[in-house]
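Remarks on the overall topology
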Amino acid sequence: MPSFSLDPRLTADCHLLAELELSQLLLMNNALLPWYILVPRVSCDELYQLTPEQQKLLFEEINQISLFIKADENIDKLNTAAIGNIVRQMHIHILGRKSSDPWWPGTVWGTKQRRPYNQTELNEIKRRLILELPKTIEILQPTAKA
């Protein structure tokens, strides 16, 4: 399989959090809502092109991230999408929506309203992932406070 690299738009917009069995786990750099993205390390760009084994692994990873997000009892709804019109590389968005978020009940796609994560928030998310995500290859370790 050829070497894997993230689409530059995903690299620019997200933090790389972890390497799961099939996918890289990203976090959209917008602390106004929990917005995770799974990017399977595959060469195809459509879900139906995955092997049955890859489909099963991806669904397990979607479930893991969904449960991780829903651990926050304030989450009212999960949104899961694999659109890929702009970024063709296969990726799955999993967002936790709250009725109090700035876009509720509308869509968050293309929003300009954002607040970047600070290092303390990122470290806390990574700490939780280490504790709560059982099927990981590697969670990138939290950075020590300076």
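Now for a look at the structure at hand. Values in this document were obtained by computation on a predicted structure and should not be read as measured data. Numbering of residues starts from 1 in every chain and runs along the sequence as written. Note on the predicted model: pLDDT of at least 70 is required for a residue's local features to be given, and 80 or more for side-chain atom pairs to be given and counted; whole-chain, interface and lining totals, by contrast, use all residues. Values reported for side chains reflect all heavy atoms of the structure, with hydrogen atoms and water molecules removed beforehand.

Considering the pattern of salt bridges
Between Lys or Arg on one side and Asp or Glu on the other, a salt bridge is scored when a side-chain nitrogen of the former is within 4 Å of a carboxyl oxygen of the latter. Tallied over the full model, the rule gives 9 salt bridges. With its nearest N and O atoms 2.9 Å apart, the salt bridge here joins Glu19 to Arg41. Here Glu19, found in strand S1 (residues 14-20), pairs with Arg41, found in the loop between strand S3 (35-40) and helix H2 (52-70); they are 22 residues apart in sequence, far enough to count as distant. Here Glu19 and Arg41 have matching classes, each one buried. Among the salt bridges present, the one from Arg88 reaches Asp45, with a minimum N-O distance of 3.4 Å. Here Arg88, found in the loop between strand S4 (77-81) and strand S5 (92-97), pairs with Asp45, found in the loop between S3 and H2; they are 43 residues apart in sequence, far enough to count as distant. For the purposes of this entry, the term helix denotes a DSSP run of H or I that reaches at least four residues, the term strand denotes a run of E that reaches at least two, and both are numbered from the N terminus. Buried, partly exposed and exposed residues are distinguished by accessible area as a fraction of the type maximum, computed with a 1.4 Å probe on protein chains only: under 20%, between the cut-offs, and over 50%, respectively.

As for the packing of aromatic side chains
Two rings belonging to Phe, Tyr or Trp (six-membered ring only in the last case) form a pair when the distance between their centres is within 6.5 Å. Interplanar angles under 30 degrees mark stacking, angles over 60 mark edge-to-face geometry, and anything in between is tilted. Applying the stated criterion to the full structure yields 2 aromatic pairs. Judged by centre distance (5.4 Å) and plane angle (80°), the ring pair of Trp35 and Trp109 falls under edge-to-face. Pair noted here: Trp35 is in strand S3 and Trp109 is in the loop between S5 and helix H3 (119-132), with a separation of 74 residues, a long-range link. The interplanar angle of 90° and the centroid separation of 5.8 Å between the aromatic rings of Tyr36 and Phe68 together place this pair among those described as edge-to-face. In this pair, Tyr36 sits in strand S3 while Phe68 sits in helix H2, placing the two residues 32 residues apart along the sequence. The pair formed by Tyr36 and Phe68 is uniform in burial state, with each residue classed as buried.

Brief notes about the nonpolar core
Across soluble globular proteins, nonpolar side chains show a tendency to be buried alongside one another. Here, nonpolar core means buried Ala, Val, Leu, Ile, Met, Phe, Trp, Tyr and Cys residues that are tied together by side-chain atoms lying within 4.5 Å of each other. Ranked by size, the top nonpolar core spans 26 residues in total, and within it Leu17, Leu25, Tyr36, Leu38, Ile65 and Ile125 carry the most contacts. Elements represented by at least two residues in this core include exactly S1, strand S2 (23-28), S3, H2, S5 and H3. Only heavy atoms matter for contacts: two residues are in contact if any of them lie within 4.5 Å across the pair. With residues up to four places along the chain from it excluded, the contact list for Leu38 reads Leu20, Ser23, Gln24, Leu25, Leu58, Glu61, Ile62, Ile65, Met90, His91, Ile92 and Ile94. Counting residues in each nonpolar core, the second largest holds 13 residues, with Leu10, Cys14, Val87 and Trp103 among its members.

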